[in-house]
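Chain by chain, the residues:
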Amino acid sequence: MPELVEVFLPLDAADDPLEPRLARALGWAPDTVGPWRLLRRSLDARKGRPLGFRLRVAVARAGQLLSDEAAPQRAVLAWPPSVATPRVTIVGSGPAGSWAALRLLEAGVPSTIVELGKPVQPRRRDLALANRGQLNPLSNYCFGEGGAGTYSDGKLYTRSKDHSGIAAVLADLVRFGAPAEVESESRPHVGSNRLPKVLTALREHLQAHGVHYRFETAAGGLVIQNRRVKALRLLDGDEIAADVVVLAVGHSARAVYRWLVRDGVAIERKGIAVGVRIEHPQPLIDEIQYGRAAGHPKLPPAFYELTSEGQGRGVYSFCMCPGGWIVPAGTEPGGLVVNGMSLSRRDSPFANAGLVVTVNPDDFGDAAAGPLAGVDFQRAIETAAEKSGGGQLRAPAQRLEDFLADRPSNTVAASSYRPGIVPADLRAVLPPLVAAALREGLRGIGARLRAFMHADALLVGAETRTSAPLRILRDPRSLQSPSVAGLYPAGEGAGFAGGIVSAALDGVRIAEAVVANAGQ
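Just so you know, these numbers come straight off a predicted model, no measurement behind them.

What counts, and at which threshold
Residues numbered from 1 in each chain as written. Predicted model: local features only at pLDDT ≥ 70, side-chain atom pairs only at ≥ 80, totals over all residues. Heavy atoms only, no water. Helix = DSSP H or I, 4+ residues; strand = E, 2+ residues; numbered from the N terminus. Rg over C-alpha atoms; globule rule 2.2 N^0.38 Å. Buried < 20%, exposed > 50% of the residue type's maximum accessible area, 1.4 Å probe, protein only. Contact = heavy atoms within 4.5 Å. Areas by Shrake-Rupley, 256 points an atom, 1.4 Å probe, with all protein chains shown as cover. Lys, Arg positive; Asp, Glu negative; His and termini not counted. Charge placed at Lys NZ, Arg CZ, Asp CG, Glu CD. Pairing = 2+ DSSP bridges. Right-handed = clockwise from strand over helix to strand, strands pointing away. Core = buried A, V, L, I, M, F, W, Y, C linked by side-chain atoms within 4.5 Å. Phe/Tyr/Trp six-rings, centres within 6.5 Å; stacked < 30°, edge-to-face > 60°. Lys NZ or Arg CZ within 6 Å of the ring centre and 35° of its normal.

*Asks:* Provide a residue-level description of the overall build of the chain, including the pertinent values.
*Replies:* Per the secondary structure count, the chain includes 11 helices and 22 strands. In terms of overall size, the chain behaves like a compact globule, its C-alpha atoms giving a radius of gyration of 24 Å where 520 residues would be expected to give roughly 24 Å. Of all 520 residues assigned to the chain, the portion counted as buried reaches 55%. The long-range fraction of contacts in the chain, counting pairs at least 24 apart against all pairs at least 6 apart in sequence, stands at 72%. A total accessible area of about 21,500 Å² is found for the chain, and carbon and sulfur atoms account for 51% of it. Across the chain, the 59 positively charged side chains and the 52 negatively charged ones have centroids separated by 1 Å.

Quick look at the structure:
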């Protein structure tokens, strides 16, 4: 049995041999420390404490082998041999769809993955065009292999408490090419330059073992008989016969939402959060978080998580990107959406984060507006942002100090947003309830962190796609739609996840449910 031990590694000792510290922590003689494995590494940058890394380590004595007992273990699914293998179609190649396909394949059930967008490599060209102000509504930062997370930073941390499930997903990522440290870092991150290679390796593995991909293929509806799914209807009129359809479509699948309502699939409104991207010089964030140690070569670009309140609503940072870039993340002509991303090096001179306000389903309008009213709410903001930016994906931006003073900006500071920003008044973009709450929440943040209210801090609009504005209902036990047997809503687009790892975990749950429901 390995010993599990916690040690603190001061910043200036980050390159020192670890064995002497392990021996002291365990009360062992220095020469009795044998092989060890790093299980967890987190930066401790709390105020009033020495800066350094907290490590959790599994250690064996000299002469002994380090067993795998400390390594994550998981059960492998198995399709019951007495039941015919189902025909499975998965709509969407994001984390939920990909991990549903991976776990089903391990159980002996291949699937067909239908993806509206392109594979990761040709998708890059469309993103380059978007960064120059040209949107492809079928291939962009939201649509394509890997979903919205592929080119939106590659953050792998999650608030899920399913520790064994998280460990298994991270192990899969390493198996397909992610750096090994994602299994031990407290805030793992792959980067938008590395994640596409991981997804390519995952796809090649799935294809080699019987999973079929259909890229640039739009789903157009369901064929339903006796309240059971029989096929997925494609927009071109073709059909894919299916006993199981997994809907893993992502939070921007507005066309899919429309035909789900048409086909009678149960959907309900769900609250969202909308706001802006806030951008600062990264060195400023480093100084706020690290103090005098800012700039130390062993310190990563600093991140933050902020919460506040305004007008009785939550105001909080979302998807913070240290050393990152603001990118155009819209999917519809005539609308502008921004998001954040960073590369594995996180070497941009800017830091950005979503700064968003909670919006409740009742804010979308009365019941007569229907289950898609949240989409209309988002679209109204996106249309206003596009108009304020003047077209070609230019984004309206306002200095933080001007936004707080209720005055338009006549000039703006430098920004990472490549299509370009224009000085604006974000009151013309954000609904009054959002603008008022955001202003009050920012004042609360400023009262605690004066340096955060820097003269070059920018608000860039609009951040509207934090999550899906609806939930595709599913039975809590079978995970199938209550409207259509064999239909499994999954991931962010169905309202059951948020982020790469949590969406992958939901895809795993769907695969487990499909196997558990075998023969029913």
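*Asks:* Can you tell me about the pairing of strand β4 (residues 88–91), naming the residues and giving the values?
*Replies:* The two faces of the sheet receive side chains in turn, since in a regular strand these alternate between them. Of the two faces of β4, the one holding V88 and I90 and the one holding T89 and V91 are both buried throughout. Note that β4 and strand β5 (residues 111–114) share 4 bridges and pair parallel. If you follow I90 over to β5, its bridge partner there is I113. This β-α-β element, β4 to helix α2 (residues 95–106) to β5, shows right-handed connectivity. The sheet contact formed by β4 and strand β10 (residues 244–247) spans 4 bridges and is parallel. Within the sheet, the bridge partner assigned to T89 lies in β10 and is V245.

*Asks:* For the nonpolar core, give the residues involved together with the corresponding values.
*Replies:* In this structure, I278, L430, L438 and L442 are the most contacted members of the largest nonpolar core, which totals 68 residues. Here this core gets 6 residues from one element, more than from any other, and that element is helix α10 (residues 432–448). Contacts of L430, omitting those with residues within four sequence positions, involve G275, V276, I381, A435 and L438.

*Asks:* Report on helix α6 (residues 254–262), specifying residues and quantitative values.
*Replies:* Within α6 the residues assigned to the buried category are R254, V256, Y257, W259 and L260. Looking at the buried residues of α6, the elements they touch are β7 (219–225), β8 (228–234), β10, β11 (267–269), α8 (373–389) and β21 (470–472). Just downstream of α6 lies G264, where phi reads positive at about 80°.

*Asks:* Describe the packing of aromatic side chains, listing the residues and the values that go with them.
*Replies:* A ring pair, where both rings are aromatic, is described by two values, the distance of the centres and the angle of the planes. Tallied over the full model, the rule gives 3 aromatic pairs. Ring geometry for Y304 versus F452: centroids 5.3 Å apart, planes at 85°, classification edge-to-face. Residue Y304 is found in the loop between α7 (282–290) and β13 (307–310), and its partner F452 is found in the loop between α10 and β20 (458–463); the two are separated by 148 residues along the sequence. As far as the burial class goes, Y304 and F452 line up, both buried. Between the aromatic rings of F364 and F377, the centroid separation amounts to 5.5 Å while the plane-to-plane angle is 50°, which identifies the pairing as tilted. Taken together, the positions of F364 in the loop between β17 (350–359) and α8 and F377 in helix α8 put the pair 13 residues apart, joining distant regions of the chain. You'll find F364 and F377 in the same group, each marked buried. Above the plane of the ring of W325 lies R418, whose end atom (NZ or CZ) is 4.5 Å from the centre.

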